[in-house]
Amino acid sequence: MNNKPVLDIPKTLFEKLLDSITAIVYLAGIVYTIVIWSQLPDQVPAHYNAAGDVNRWGSKWELILLPVIAALLAIFMSFLEKHPEWHNYMKLNENNIEFQYKNSRMLLNVLKNECVLLFVFLTYSTEQVALGNIDSLGIVFLPVFLIIIFGSMAFFIARSLK
């Protein structure tokens, strides 16, 4: 199928719920940052190593980058979600096209929301390190993040192959 048809498939309740929860958490993170802004020191963690330890400090204004990147990522991935006909498929045919479109769109939806939630978590954790409430992200942060992201991808890819 070189010219994949455009199908109007409404978002599932799961996708709508995940988008809503993520939007609420994202906005709550921004509100929290605004509330504690004056308490933050001028220098905050700006980068972490693989063990979750701070290895670069920067201006607290750099914190603004995290929610901005999250928003841009969400906008871009939401745009791609709306066009499953642009996605790549291995065994697309007339009998499975609706399932494959939904599955691919749901993969993008889950990854988008995981990434936005990651940026909210990183912003919050960075603020907590800056305030002296915690020392680092912790050594489990990176493996857990990778397992969540790659686990989601593996789940939806395996589902598409059935």
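Right above here is the structure, for reference.
Residues numbered from 1 in each chain as written. Predicted model: local features only at pLDDT ≥ 70, side-chain atom pairs only at ≥ 80, totals over all residues. Heavy atoms only, no water.

### Brief notes about the overall build of the protein chain
Along the backbone of the protein chain there are 4 helices and 2 strands. Each helix and strand of the protein chain, placed in order from N terminus to C terminus, yields the pattern α-β-β-α-α-α. Structurally, the protein chain occupies a C-alpha span of about 60 × 30 × 25 Å along its principal axes. The long-range share in the protein chain, meaning contacts at least 24 apart out of those at least 6 apart in sequence, stands at 70%. Accessible surface, the protein chain: about 9900 Å² in total, of which carbon and sulfur atoms supply 68%. Put simply, the protein chain has 12 plus and 13 minus side-chain charges, and the middle of one group is 8 Å from the middle of the other. (Helix = DSSP H or I, 4+ residues; strand = E, 2+ residues; numbered from the N terminus. Contact = heavy atoms within 4.5 Å. Areas by Shrake-Rupley, 256 points an atom, 1.4 Å probe, with all protein chains shown as cover. Lys, Arg positive; Asp, Glu negative; His and termini not counted. Charge placed at Lys NZ, Arg CZ, Asp CG, Glu CD.)

### Quick look at the environment of Ile149
Examined against the element boundaries, Ile149 turns out to sit in helix H4 (residues 141-161). Look at Ile149 and you get buried, because its relative accessible area is 11%. (Buried < 20%, exposed > 50% of the residue type's maximum accessible area, 1.4 Å probe, protein only.)

### Section: helix H2 (residues 65-81)
With 17 residues, H2 ought to run about 24 Å at 1.5 Å a step, and its terminal C-alpha atoms sit 24 Å apart, in line with that. Listed in full, the buried residues belonging to H2 are Leu66, Pro67, Ala70, Ala74, Met77 and Glu81. Projected down its long axis, H2 shows its buried positions confined to an angular sector of 100°, all on one face. Facing away from the buried side of H2, by more than 90 degrees, are the exposed residues Leu72 and Ile75. The elements touched by buried residues of H2 are helix H1 (13-36) and helix H3 (97-130). (Expected span 1.5 Å × (residues − 1). Arc of directions from axis to C-beta.)

### Description of the nonpolar core
With 19 residues, the main nonpolar core has Leu40, Leu63 and Leu122 as its most contacted residues. The element contributing the most residues to this core is H3, with 7 residues. Setting aside anything within four residues of it in sequence, one finds Leu40 in contact with Lys60, Leu63, Glu127, Ala130 and Leu131. Core analysis: the second largest hydrophobic core is formed by 10 residues, Leu107, Leu111, Cys115 and Phe156 among them. (Core = buried A, V, L, I, M, F, W, Y, C linked by side-chain atoms within 4.5 Å.)

### Concerning the environment of Val44
Considering the arrangement of structural elements, one finds Val44 in strand S1 (residues 43-48). Val44 sits in the buried class, given a relative accessible area of 1%. Each C-alpha atom of the pair Val44 and Ser160 lies 43 Å from the other, and the pair is 116 residues apart in sequence. Not counting the four nearest positions on each side in its chain, Val44 is found in contact with Arg56, Trp57, Gly58, Ser59, Lys60, Leu63, Thr126 and Ala130.

### Regarding the pairing of strand S2 (residues 54-59)
Taken residue by residue, a regular strand's side chains alternate between the two faces of the sheet. Across 5 bridges, S1 lies against S2 in antiparallel orientation. Bridge pairing in S2 places Pro45 opposite Trp57. Connecting S1 to the next strand, S2, in antiparallel fashion are 5 residues, including Gly52 with a positive phi near 90°. (Pairing = 2+ DSSP bridges.)

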